[in-house]
Every structure is written in C-alpha cells, then in structure tokens.
Amino acid sequence: MSHSTVPRTDTEAEAKENRPQAHGGATGAGKQPPAGKLSLRTRFRRDRVLLLMTLPAVLLVLLFNYLPILGNVVAFQEYDPYISDNGVVSILHSPWVGVENFQRIFEDSAFWNAVRNTLVLFFLQLVLYFPIPILLALLINSVVRPRVRAISQAILYLPHFFSWVLVIAVFQQLFGGAGLLSQLLRDHGYDGLSLMTDPDTFKFLVTAQSVWKDAGWGIIVFLAALASVSPDLYEAAAMDGANRWRRMWHVTLPALRPVIALLLVLRVGDALTVGFEQILLQRDAVGPGAAEVLDTFVWWNGVRNQDFGYAAAAGLVKGVISLGLVLIANKVAHLMGEQGVYKK
C-alpha cells in the first residue's frame, strides 16, 4: 500500500518546515542556532529601537571618554603644544623621551606627598562618608508619614545642587577666621580659630563638606533599593517576633547588600579622585603639603607649569592604579557572593 508524502495535518507540516536540515543536505541550509538562542540578526531587529536610542550616548562616551585616551601618548614625549596650532601635528612632531617622565615621577617627593594625601582623604571618606547615606536612607524609610519623609529627603538632597564655590563660602562663613564659630568664641572670652586654614584639620573639613553636599544624592539610590523590598517580608518577620532592629538587620540590610557592594566597588575604583575643584579652591589656604592630591598635582604641573608630558605620565599612573583597584574590589565582591560591576 502506498503512503502519501503530504503531511496529514497542519501540525505535521509546521514540524517538517521547522525541522533543522542536516549539513550537506539537498536544501544546502546552514546550521541553525541552538534552541532558545536568537541569532544576532534577529536580536538586532528586535532591539533596533533601543539601539538607536542609546546611539547618541554611545557616541558621546566614545568622543569624550575613549578618544582622549589616545592623547596619553604625550606621557612618553616632551610634548610641546606650540609646535603647531593643530594638536595632532604637535603630538606627531614632539620628541620622544621614552619612560623618562615616569622615572621623574617616581623620584619626585611631591608626587608621593600627593599620593599620601589622596589615600588619606579616600580612607576618611570611605569610613566617615560612605555609611552616612545608608544610615540616612534607613532613617527616612522608617518615617511613617509620607509628607515628612518627602520634606526630609528634599532638604537633604538640596545641597547637591550647590556649586563647590558656594559650599566653601558657606563653610568659610561658619568656620573661617571671621566666621560665626570664631565670633561666638571671642564673645565668650576665648581665642578665635580658623578651621579653613588649619592643615591638621583640613582632611576632616573636606570630608565634612563632601558629606553635607553629596549625602542626599546617595540617599536616593538606597531608598530606591528599599522600595523594592516586599512588605510581606517585614510582616512575616514581625509575626515571628522580630523587633524593629532585627527586621532592619535581617530584612532591610540584606536587601541593600547588592547595592552597597556595587557602590563600594565603584567608590574604590574612584579612590584616587577625591574632588578636584573642591581641593583646588582651598589649596592655597592650607598649602600644598596638606591639600595637594593627584588631580591638583596633574593640573599644577600640566596647566600651570606647562610640563604636559610629566603631567600626562602622572595621570596615566593614576588611571592604571584605579583600574587595578576596580578589578580587585570587583573580585572581592564576587567572593562575597555579589555581582559587583560585572558578572563572572
């Protein structure tokens, strides 16, 4: 009895049509992608709108973040910008000095002083500044009345919009030699003081300025993470007899841990950048011995002293160290079971 080669049902026809063809078959079809995995062309067609939306941002990042990396070549040159009006021509015609600029850096005591000041400020801000947004977010999140919570968040967030010039002017009016604190001490028979010109307290002053200005910005990130915590978890913990502190320790903090790990990795990667404008505006008041950091060191040697190759070498060393810190911190985050900046 003969059998028809036409599929008997529509389901069989679809199955035959979608069945992958073997290599070297009569149809000559190529290898099909594995089940559940879309081809690059299919994914591009599916996400083309999103890709077009991100294209301007990608171009800006390439133009202002990655293209200038090519200028690090001047770290190996005695760069002279006055050779030509064209910066590219100046780079091509500047004499090469190899690693001479790096040798000068490692023999320069001013560079190591800037490294020491940078690391001291970083550790102070990591210990004193980094936990404050977390604590403030927990405090605001515990407020029951939404109106009070919104007003508190707005007041704490407002200083983020102030420029560093305004922030330092406010601190000058409070803690300067003619500031409110000095006047109050003089009115009560004590000697006045000026914290703004004291090299010994400068690092604490800078940390206090950073806390006052940017703590509100960090609160937003942690409040967003807290908003994703299900209220059922708090109710279940309360039914099990957990008080407010135990609910915070066993529910709230575990919910914040991934965000804390991510921000900590980013903060460690940014360890050598402790605030260029903030430090530069106060550098002359306390002297370079206490206020010189790597960013101001690069600016002073490159812009003020016109030693561009030397400054570029210092900036390149800073970038390499920062990259290494990011990789180390991200590895530690992985060992702690967190994702970090990128997955394994």
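Above this text is the structure in question.
Here the residue numbering is sequential within each chain, running from 1 through the sequence in written order. Local features in this predicted model are restricted to residues of pLDDT 70 or higher, and side-chain atom pairs are both shown and tallied only at a pLDDT of 80 or more, whereas totals for entire chains, interfaces and linings draw on every residue. Hydrogens and water molecules were not included; the side-chain quantities draw on all heavy atoms of the structure.

Focus on the pattern of salt bridges
Then step 1. By definition here, a salt bridge exists when the distance from a side-chain nitrogen of Lys or Arg to a carboxyl oxygen of Asp or Glu is within 4 Å. Counted according to the given criterion, the structure contains six salt bridges.
Then step 2. Close ionic contact of Asp214 with Lys213 constitutes a salt bridge, the shortest N to O distance being 3.7 Å. For the pair Asp214 and Lys213, a shared accessibility class is recorded, and that class is buried.
Then step 3. Counted as one network, the salt bridges with shared partners bring together Arg283, Asp284 and Glu292. Each residue's exposure class comes from its accessible area (1.4 Å probe, protein chains only) as a fraction of the maximum for that residue type: buried when under 20%, exposed when over 50%, partly exposed otherwise.

Thoughts on a nonpolar patch on the surface
Then step 1. Surface patches are defined over residues having more than 30% relative accessible area and no salt bridge, joining like charges when they lie within 9 Å and nonpolar side chains (Val, Leu, Ile, Met, Phe, Trp, Tyr) when within 5 Å. All accessibility values rest on the Shrake-Rupley procedure with a 1.4 Å probe; residue burial counts only the protein chains present in the view. A cluster of nonpolar side chains, Leu52, Leu55, Val58, Leu59, Val61, Leu62, Tyr66 and Ile69, forms an exposed patch at the surface whose accessible area comes to about 750 Å².
Then step 2. Each helix is a run of H or I in the DSSP string that is no shorter than four residues. Each strand is a run of E no shorter than two, and both are numbered from the N terminus. Position of Tyr66 relative to the elements: it lies in helix 3 (residues 48–66).

Considering the layout of surface pockets
Then step 1. Here a cavity is any set of points on a 1 Å grid over the protein atoms alone where a 1.4 Å probe fits but cannot get out, and a pocket is any open set with protein on both sides within 12 Å along at least 5 of 7 lines; a residue lines the site when it has an atom within 4 Å of a point. Grid points are joined across faces, edges and corners, and a volume is the space filled by probe spheres set on the points. Roughly 590 Å³ of volume is contained in the largest pocket.
Then step 2. For the largest pocket, the lining is made up of 22 residues, of which Tyr129, Asp214, Trp217, Arg267 and Asp270 are closest to its centre.
Then step 3. The biggest single contributor to the lining of the largest pocket is helix 11 (residues 202–227), with seven residues.
Then step 4. Class assignment of the residues belonging to the lining of the largest pocket gives a composition of eleven nonpolar, six polar and five charged. Throughout, the ten residues Ala, Val, Leu, Ile, Met, Phe, Trp, Tyr, Cys and Pro are labelled nonpolar, Asp, Glu, Lys and Arg are labelled charged, and all others, Gly among them, are labelled polar.

Considering the packing of helix 13 (residues 244–269) against helix 17 (residues 308–335)
Think of two packed helices as two axes; the pair is described by the angle between the axes and how far apart they sit.
Then step 1. All axes are obtained by fitting lines to C-alpha atoms, using only the stretch in contact for helices, and the reported angles, taken between N-to-C directions, cover 0 to 180 degrees. The N-to-C vectors of helix 13 and helix 17 enclose an angle of 160°; their axes lie 7 Å apart at closest approach. By the criterion of interaxial angle, the relationship of helix 13 to helix 17 is roughly antiparallel. Crossing hand, helix 13 versus helix 17: right-handed. Residue-level inspection shows Val265, Val268 and Gly269 of helix 13 in contact with helix 17, the latter providing Ser322, Leu325, Val326, Ala329, Asn330 and Ala333.
Then step 2. By residue class, the composition of the contact of helix 13 with helix 17 is six nonpolar, three polar and no charged. Small angles under 35 degrees read as roughly parallel and large ones over 145 as roughly antiparallel, with 65 to 115 read as roughly perpendicular and the rest as oblique. Each crossing gets its hand from how the near helix is turned against the far one by less than a right angle, where anticlockwise is left-handed and clockwise is right-handed. Contact definition: two residues touch when any of their heavy atoms are within 4.5 Å.

Considerations on the nonpolar core
Then step 1. What is meant by a nonpolar core is a set of buried Ala, Val, Leu, Ile, Met, Phe, Trp, Tyr and Cys residues, joined one to another through side-chain atoms within 4.5 Å. Residues Ile105, Phe111, Leu294 and Phe297 are the most contacted members of the largest nonpolar core, which totals 16 residues.
Then step 2. Listing elements by their share of this core, those giving two or more residues are helix 5 (100–106), helix 6 (109–129), helix 16 (294–304) and helix 17.
Then step 3. Ranked by residues supplied to this core, first place goes to helix 17 with five residues.
Then step 4. Those residues in contact with Leu294 that sit more than four places away from it in its chain are Phe111, Ala114, Val115, Thr118, Leu272 and Lys318.

Quick word on the environment of Gly87
Then step 1. For Gly87, the location among the structural elements is in helix 4 (residues 87–93).
Then step 2. Using a relative accessible area of 36% as the deciding quantity, one classes Gly87 as partly exposed.
Then step 3. Gly87 sits 16 residues away from Gly71 along the chain, and the two C-alpha atoms are 9.6 Å apart.

Quick notes on unusual backbone geometry
Then step 1. Even without a glycine there, the phi angle at Gln306 is positive, about 60°.
Then step 2. Structurally, Gln306 is set in the loop between helix 16 and helix 17.
Then step 3. Note on Gln306: relative accessible area 35%, which makes it partly exposed.

Here we look at the side chain of Asn113
Then step 1. Examined against the element boundaries, Asn113 turns out to sit in helix 6.
Then step 2. Every residue in contact with Asn113, bar those within four places of it in the chain, is listed here: Pro288, Gly289 and Glu292.

Observations regarding the packing of aromatic side chains
Then step 1. For this analysis, a ring pair means two rings from Phe, Tyr or Trp (six-membered ring only for Trp) whose centres lie within 6.5 Å, classed as stacked if their planes differ by under 30 degrees, edge-to-face if by over 60, and tilted for the remaining angles. In total, this model carries 14 aromatic pairs according to the counting rule given.
Then step 2. On the basis of an interplanar angle of 55° and a centroid distance of 5.2 Å, the ring pair of Phe122 and Phe123 is categorised as tilted.
Then step 3. In this structure Phe123 comes out as partly exposed when scored by relative accessible area, which is 48%.
Then step 4. These aromatic residues form a ring-pair network of at least three members: Phe106, Phe111, Trp112, Phe297 and Tyr310.
Then step 5. Whether a charge sits over a ring comes down to the Lys NZ or Arg CZ being within 6 Å of the ring centre and within 35 degrees of the ring normal. One Lys or Arg, Lys213, reaches over the ring of Trp164 and ends 5.1 Å from the middle of that ring.

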